[in-house]
Amino acid sequence: MTPAARLAAAASVLDSIAQGRQPAEAVLKAWGAANRYAGSKDRRAVADRVYQVLRARGRLSWAMGGREDGRALVIGALSLIDGLSLEEIEALHAGDGYGPRPLSKQERARITAGQGELPGWVAAGLPQFVVEDLKATFGERWAEEARELMQPRAPIDLRVNTAKASVEAVEAELREAGLDASPTPWSPVGLRLAAEPPPNVQALEAFREGRVDVQDEGSQIVCALAGAAPGMTVVDYCAGGGGKTLGLAAVMAGEGRLVGADVVAKRLENIRPRLVRAGVEADLRHIGQNGGGMEDLNGQADLVFVDAPCSGSGTWRRRPEDAWRLTAEEVERLHALQVRILGQASQLVRPGGRLAYVTCSLLSRENEASADAFEAAHPQFRPLATTAPFSPTPATRHRLSPATTNTDGFFFALYERTP
């Protein structure tokens with residue numbers, strides 16, 4: 001493919017991402033499958049351009065007069081990120097039969113005009129309501145948090161299944177396979193791989209045989225903070241893909257009762273192969289929207305772990321396209337849903353048992369506000385202080401973020417049900 005053809009392809013992929021809800025990775029994979037003439041270097045160049053634009057989308061749209069189509073964003077990137085002159089950009093758009101059409105008068109004017117003075121949220125590369133939330137939460141540190149939240153190529157963390165192998169043995173195995181593996185800073189069962197070049201973890205023998213599973217170190221930490229232990233009855237109330245179900249199982253060391261529940265039956269079916277690979281037994285429950293199907297566990301669980309549905313803003317460095325799909329209205333909907341789910345899940349906790357609330361979000365409306373609302377409505381649950389490995393001070397609530405812990409963003413709050 002010519003450089004111009006790659007630009008046209010990137011613009012087309014960006015339009016497809018904007019028009020749907022699929023992850024950028026899936027859209028790029030579909031584009032590659034439909035355009036088999038594109039070689040590996042072509043696919044990589046198109047993907048790099050797409051992610052470059054997604055991470056700078058607000059700034060590029062601002063520079064192009066508010067346009068958000070793929071063509072405008074790519075043109076803006078050529079000027080503002082690549083630093084090409086108007087003449088160089090026009091040469092790429094001269095028309096070779098495969099590239100984008102020549103620049104319009106308006107596009108030339110936007111490139112010539114430059115950016116001008118940028119509002120703070122545009123410079124941060126995030127929606128305005130998100131920046132306002134970060135300012136309120138992090139104060140003077142908000143800009144650093146915003147910058148790290150959208151940094152490219154997050155590391156790939158693995159959780160070692162210590163029921164099958166030691167961390168040291170798996171680290172040596174991965175190094176023998178040619179991977180640069182090193183222990184994670186905070187989790188004692190984590191190994192970190194470099195994001196470049198992207199490793200094919202699922203092809204590893206250690207993965208296929210269940211000695212490792214992919215899990216961000218932040219996710220490993222919140223599983224440990226919840227306080228699961230051998231012999232307990234533990235409920236993963238929003239099991240989703242099953243990563244935290246497996247993390248809780250590892251802490252339980254095969255002793256006790258583990259229940260993974262979710263409102264989407266297909267998610268539960270997707271967990272089963274992961275359980276088999278890891279050698280873990282769990283009771284998987286399909287529950288109703290109002291919590292139906294768990295009545296036999298009311299007042300029985302030692303720990304109920306609620307990894308609530310959320311915006312996923314803590315993972316935007318992996319999926320930057322999601323930052324521009326989120327609206328303030330959606331955050332309000334999620335807040336109400338989180339409070340409702342916490343109320344349902346709390347019924348399962350025995351007196352003296354624990355309830356853990358977790359999100360992979362940095363937004364206060366999904367974190368502190370949801371926790372505050374639950375506490376106000378359920379005074380029988382008292383906040384319980386824990387000590388996180390990254391902080392010597394015990395706290396009832398913990399925040400993790402790319403800027404502070406070099407993990408995905410997480411919020412964690414723990415409660416104990418009083419007798």
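Look up: the structure comes first, before these words.
Throughout this description, residue numbers start from 1 for each chain and increase along the sequence as written. In keeping with the model being predicted, local features are shown solely for residues with a pLDDT of at least 70 and side-chain atom pairs are shown and tallied solely at 80 or more, while totals for entire chains, interfaces and linings include all residues. Excluding hydrogens and water, the side-chain values take into account all heavy atoms of the structure.

Asker: What's the story with helix H9 (residues 128-138) in this structure? I'm lost.
Answerer: Two residues of an α-helix separated by three or four positions point the same way, owing to the 3.6 residues in each turn. Remark: exposure states derive from per-residue accessible area (1.4 Å probe, protein chains only) relative to the maximum for the residue type, with buried under 20%, exposed over 50%, and partly exposed in between. Secondary structure follows DSSP: runs of H or I at least 4 residues long count as helices, runs of E at least 2 residues long count as strands, and numbering of each begins at the N terminus. Turning to H9, its buried residues number three or more, namely Val130, Val131, Asp133, Leu134 and Phe138. Buried positions in H9, seen along its axis, are confined to an arc of 160 degrees and lie on one side of it. Two residues qualify as a contact provided that any one of their heavy atoms is within 4.5 Å of a heavy atom in the partner residue. Those residues of H9 that are buried lie in contact with helix H8 (120-124), helix H10 (142-149) and strand S11 (397-400). Following H9 by one or two positions, Gly139 adopts a phi angle in the positive range, close to 60 degrees. Comment: arc refers to directions from the helix axis out to C-beta atoms.

Asker: What is the right way to read the pattern of salt bridges from this model?
Answerer: Side-chain pairing between opposite charges can occur once the charged atoms of the two side chains come close. One speaks of a salt bridge when a side-chain nitrogen belonging to Lys or Arg is within 4 Å of a carboxyl oxygen belonging to Asp or Glu. If you walk through the whole model with that rule in mind, you get 37 salt bridges. Linking Glu209 and Arg211 is a salt bridge whose minimum nitrogen-to-oxygen distance equals 2.5 Å. Judged by its relative accessible area of 14%, Arg211 falls in the buried class. Between Asp296 and Arg285 there is a salt bridge; the shortest N-O distance is 2.9 Å. Taken together, the residues span a long stretch of sequence, with Asp296 in the loop between strand S7 (283-286) and strand S8 (301-307) and Arg285 in strand S7 at a distance of eleven residues.

Asker: Is there a simple way to think about the sheet that holds strand S3 (residues 190-193) in this case?
Answerer: One key point about sheets: their strands pair by backbone hydrogen bonds, in either a parallel or an antiparallel sense. Spatially, four strands are ordered S2-S3-S1-S4 in an open sheet, and the strand pairing comes out antiparallel. If you trace the sheet from one side to the other, it starts and ends with strand S2 (181-183) and strand S4 (212-214), each paired once. Ignoring strand direction, the axes of neighbouring strands in this sheet form an average angle of 35 degrees. Of the pairings in the sheet, the one linking strand S1 (residues 156-160) to S4 comprises three bridges and is antiparallel in character. For Arg159, the partnering residue across the bridge sits in S4 and is Asp213. In the packing of helix H11 (residues 167-176) onto the sheet, the strands contacted are S1, S2, S3 and S4, and the crossing angle to S2 comes to about 160 degrees. Here, any two strands with at least 2 DSSP bridges between them count as paired. Note on method: axes are straight lines fitted to C-alpha atoms, helices fitted across the in-contact stretch only, with angles between N-to-C directions ranging 0 to 180 degrees.

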